[in-house]
Protein chains: 2
Amino acid sequence: MKNDGNSVNMAVVQRGYHHGDLRAALVSAGLELLKDRSVDDLSLREVARTVGVSATAVYRHFPDKQALLYALCEQGAAQLAHAQQEAMAAAGDGKSGFDETGRAYVRFAVANPALFRLMMTTRPPGGLLDADEGAVNAAMRLLRQNIASLLPPGATDDELRMATIKSWALVHGLAMLMLDGQVPADERIIDALTRPFAGEC
Amino acid sequence: MKNDGNSVNMAVVQRGYHHGDLRAALVSAGLELLKDRSVDDLSLREVARTVGVSATAVYRHFPDKQALLYALCEQGAAQLAHAQQEAMAAAGDGKSGFDETGRAYVRFAVANPALFRLMMTTRPPGGLLDADEGAVNAAMRLLRQNIASLLPPGATDDELRMATIKSWALVHGLAMLMLDGQVPADERIIDALTRPFAGEC
DNA sequence: CGCTTTATGTTTACAGCGATAACATGAAGA
DNA sequence: TCTTCATGTTATCGCTGTAAACATAAAGCG
């Protein structure tokens, strides 16, 4: 007999054999752990342990670790989209509202570094930009709509696409550089770079 | 006795007990492996195996795995700086030369995804931007000089700094989005976004 | 030359990981 | 009530990073 750390033993008592909604519990525990851990340091076993369940129970709800991480992404994407919508609503529509979505993007990244990084490295096949369903893409749709409304009326689809990518690249680059510690996560820098935000020059 | 896969056994014969320059061999094997593996899938043991040496031999040259990875970063940074300098030299100085350094940056990232990502996540204390020694920062110095030469003469240090960050963020964001598959790694997109490259609008 | 030190290899071992297989429990439907 | 099946469990595997103890051979010194 070799106990490898998979078991729970006595903890089972205070819960009953079945959990109720283990899937949701795992996701929420995962998000919690990501607040002070990098993705690499997040183990499936630790998530299970946090919830008080054996490691292999996870496999009843997710085919593998990657699938669990993807579920965390979906939650994160919903949170990001929500933050952006709130930021825009608070500033009113138009140009300054658009700038605010960019700031919200960077702030979200800085506030949730591990989750944000996970979201950006874990992608649905095809990429976020051209996908068009799921909570993951609400943020993308918002970005494209905003840019469309700011471009001159005669703009081609290609111009719209390029302007979208440019805006996204700018905020995304700033976010990543701050996450990686290459640029200080300074509110002043965020403001300055997102002011005349994007492709309208 | 339990053989855990650490040993080399007969391979020792065809090499002699001592290697000669194991450190360099490990670095070059690591870079080679990173060409078709993500950083997460690169194990210290595999690097050692590739070189034909026991896993623990690595520890004679690097205190831990992270230190080995950092050595890979230094090599990568040197390569990136070189690519940028070549690109600029080929295009001549001035604005179009500057644009070319941006393109070289994105192209390097797309051509060496795992290495580039490693470089950007593994940072010297303080970040690349404000560091001022080592091969790692040649690229940064080049960027700042270029921006300085393009700004109006009366620009303040702060304006210079902001313009530097903005340019870097734009190319970096584009590079990351392409690496993550969020934007297709299309030469046309790279060209379009790096043309009126940066903060001169 | 021979002897000793030291750099650089080796094996062995361990705890933690993701994942599979076999078994246990208990809620739901017949 | 009996059976089925979703959802738990333990045991085990091969892999990882890393430490400790041991082996080899090159370098320095008499």
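Look up a bit, the structure's there.
So, the overall build of chain A
Piece 1. Each helix and strand in chain A was counted, giving eight helices and zero strands.
Piece 2. For chain A, the sequential pattern of α-helices and β-strands runs α-α-α-α-α-α-α-α.
Piece 3. Taken across its 201 residues, chain A has 47% of its residues classed as buried.
Piece 4. In chain A, the share of contacts with a sequence separation of at least 24, taken over all contacts with a separation of at least 6, comes to 64%.
Piece 5. Carbon and sulfur atoms form 52% of the exposed surface of chain A, whose accessible area is close to 10100 Å².

A few points about the nonpolar core
Piece 1. Residues Phe116 of chain A together with Phe116 of chain B are the most contacted members of the largest nonpolar core, which totals 116 residues.
Piece 2. Once you skip the residues sitting within four places of it in the chain, Phe116 of chain A turns out to touch Tyr105, Phe108, Ala109, His172, Ala175, Met176 and Leu179 of chain A.

So, the packing of aromatic side chains
Residues and elements named next belong to chain A.
Piece 1. Applying the stated criterion to the full structure yields two aromatic pairs over all chains.
Piece 2. Considering the side-chain rings of Tyr105 and Phe116, the 5.4 Å spacing of their centres and the 90° angle between planes classify their relative orientation as edge-to-face. Here the residue Tyr105 occupies a position in helix 4 (residues 95-111), and Phe116 occupies one in helix 5 (residues 113-121), the gap between them amounting to 11 residues.
Piece 3. Look at Tyr105 and you get buried, because its relative accessible area is 4%.
Piece 4. Under the relative-accessibility criterion, Phe116 is labelled buried at 0%.

A few points about the relation of the copies chain A and chain B
Piece 1. Overlay of chain A on chain B (RMSD 0.0 Å): rotation 180°, translation along the axis 0.0 Å. In symmetry terms, the pair is related by a two-fold rotation axis. When each C-alpha of chain A is compared by its distance to the rotation axis, Gly173 of chain A comes out closest, at 1.7 Å.
Piece 2. In this assembly, 100% of the residues forming the interface of chain A have copies in chain B that are likewise at the interface, indicating an isologous arrangement.

Regarding the pattern of salt bridges
Residue and element names in this part refer to chain A.
Piece 1. Within this structure, the stated rule accounts for 18 salt bridges over all chains.
Piece 2. Here Arg117 makes a salt bridge to Asp180, at a shortest N to O gap of 2.4 Å. With a gap of 63 residues between them, Arg117 in helix 5 and Asp180 in the loop between helix 7 (157-179) and helix 8 (187-194) connect regions that are remote in the sequence.
Piece 3. The class of Arg117 is partly exposed, set by a relative accessible area of 24%.
Piece 4. Each of Asp36, Arg37 and Glu46 takes part in a single network of salt bridges with overlapping partners.

Section: the interface of chain A and chain B
Piece 1. Between chain A and chain B, the residue contacts involve 33 residues of the former and 33 residues of the latter.
Piece 2. Summed over both partners, the interface of chain A with chain B buries about 2900 Å², with 66% contributed by carbon and sulfur atoms.
Piece 3. Here Asp158 of chain B makes a salt bridge to Arg188 of chain A, at a shortest N to O gap of 2.7 Å.
Piece 4. Our count for the contact surface shared by chain A and chain B stands at four residue pairs in polar contact (both at pLDDT 80 or more).
Piece 5. Within the residue set of the side of chain A that touches chain B, elements represented by two or more residues are helix 5, helix 7 and helix 8 of chain A.
Piece 6. The biggest single contributor to the side of chain A that touches chain B is helix 7 of chain A, with 13 residues.
Piece 7. Considered class by class, the residues forming the side of chain A that touches chain B number 18 nonpolar, seven polar and eight charged.

Here's the deal with the side chain of Gln84 of chain B
Piece 1. On the secondary structure map, Gln84 of chain B appears in helix 3 (residues 65-91).
Piece 2. Excluding residues within four positions of it along the chain, Gln84 of chain B makes contact with Thr101, Ala104, Tyr105, Ala139 and Leu142 of chain B.

Regarding the layout of surface pockets
Left-over empty space is what a probe sized like a water molecule reveals as it rolls over the atoms.
Piece 1. The volume enclosed by the largest pocket comes to roughly 1400 Å³.
Piece 2. Lining the largest pocket are 44 residues; nearest its centre among them are Asp40 and Arg117 of chain A together with Val39, Asp40 and Arg117 of chain B.
Piece 3. Taken together, the elements giving at least two residues each to the lining of the largest pocket come down to helix 3 (65-91) and helix 5 of chain A together with helix 3, helix 5 (113-121) and helix 7 (157-179) of chain B.
Piece 4. Residue composition of the lining of the largest pocket, by class: 18 nonpolar, eight polar and 18 charged.

So, the packing of helix 4 of chain A against helix 6 (residues 138-150) of chain A
Residue and element names in this part refer to chain A.
Piece 1. Taken N-terminus to C-terminus, the directions of helix 4 and helix 6 make an angle of 150°; their axes are 10 Å apart at the nearest point. When the interaxial angle is binned, helix 4 and helix 6 end up roughly antiparallel. In this structure, the crossing between helix 4 and helix 6 has a hand that is left-handed. Listed contacts from helix 6 to Lys95, Phe98 and Thr101 of helix 4 are Leu142, Leu143, Asn146, Ile147 and Leu150.
Piece 2. A breakdown of the residues in the contact of helix 4 with helix 6 according to their chemical character gives five nonpolar, two polar and one charged.

Procedures and definitions
- Residues numbered from 1 in each chain as written.
- Chains lettered and ligands numbered in written order.
- Predicted model: local features only at pLDDT ≥ 70, side-chain atom pairs only at ≥ 80, totals over all residues.
- Heavy atoms only, no water.
- Helix = DSSP H or I, 4+ residues; strand = E, 2+ residues; numbered from the N terminus.
- Buried < 20%, exposed > 50% of the residue type's maximum accessible area, 1.4 Å probe, protein only.
- Contact = heavy atoms within 4.5 Å.
- Areas by Shrake-Rupley, 256 points an atom, 1.4 Å probe, with all protein chains shown as cover.
- Core = buried A, V, L, I, M, F, W, Y, C linked by side-chain atoms within 4.5 Å.
- Phe/Tyr/Trp six-rings, centres within 6.5 Å; stacked < 30°, edge-to-face > 60°.
- Least-squares fit on C-alpha atoms with pLDDT ≥ 70 in both.
- Salt bridge = Lys/Arg side-chain N within 4 Å of Asp/Glu carboxyl O.
- Buried area = accessible area lost by both parts, 1.4 Å probe.
- Polar contact = N/O pair within 3.5 Å; in protein donor to acceptor, adjacent residues only side chain to side chain.
- Nonpolar A, V, L, I, M, F, W, Y, C, P; charged D, E, K, R; others polar.
- 1 Å grid on protein atoms, 1.4 Å probe; cavity = no way out; pocket = protein on both sides within 12 Å on 5 of 7 lines; lining within 4 Å.
- Points joined across faces, edges and corners; volume = space filled by probe spheres on them.
- Axes fitted to C-alpha atoms, helices over the stretch in contact; angles between N-to-C directions.
- Parallel < 35°, antiparallel > 145°, perpendicular 65-115°, else oblique.
- Left-handed = near helix turned anticlockwise from the far one by under 90°.

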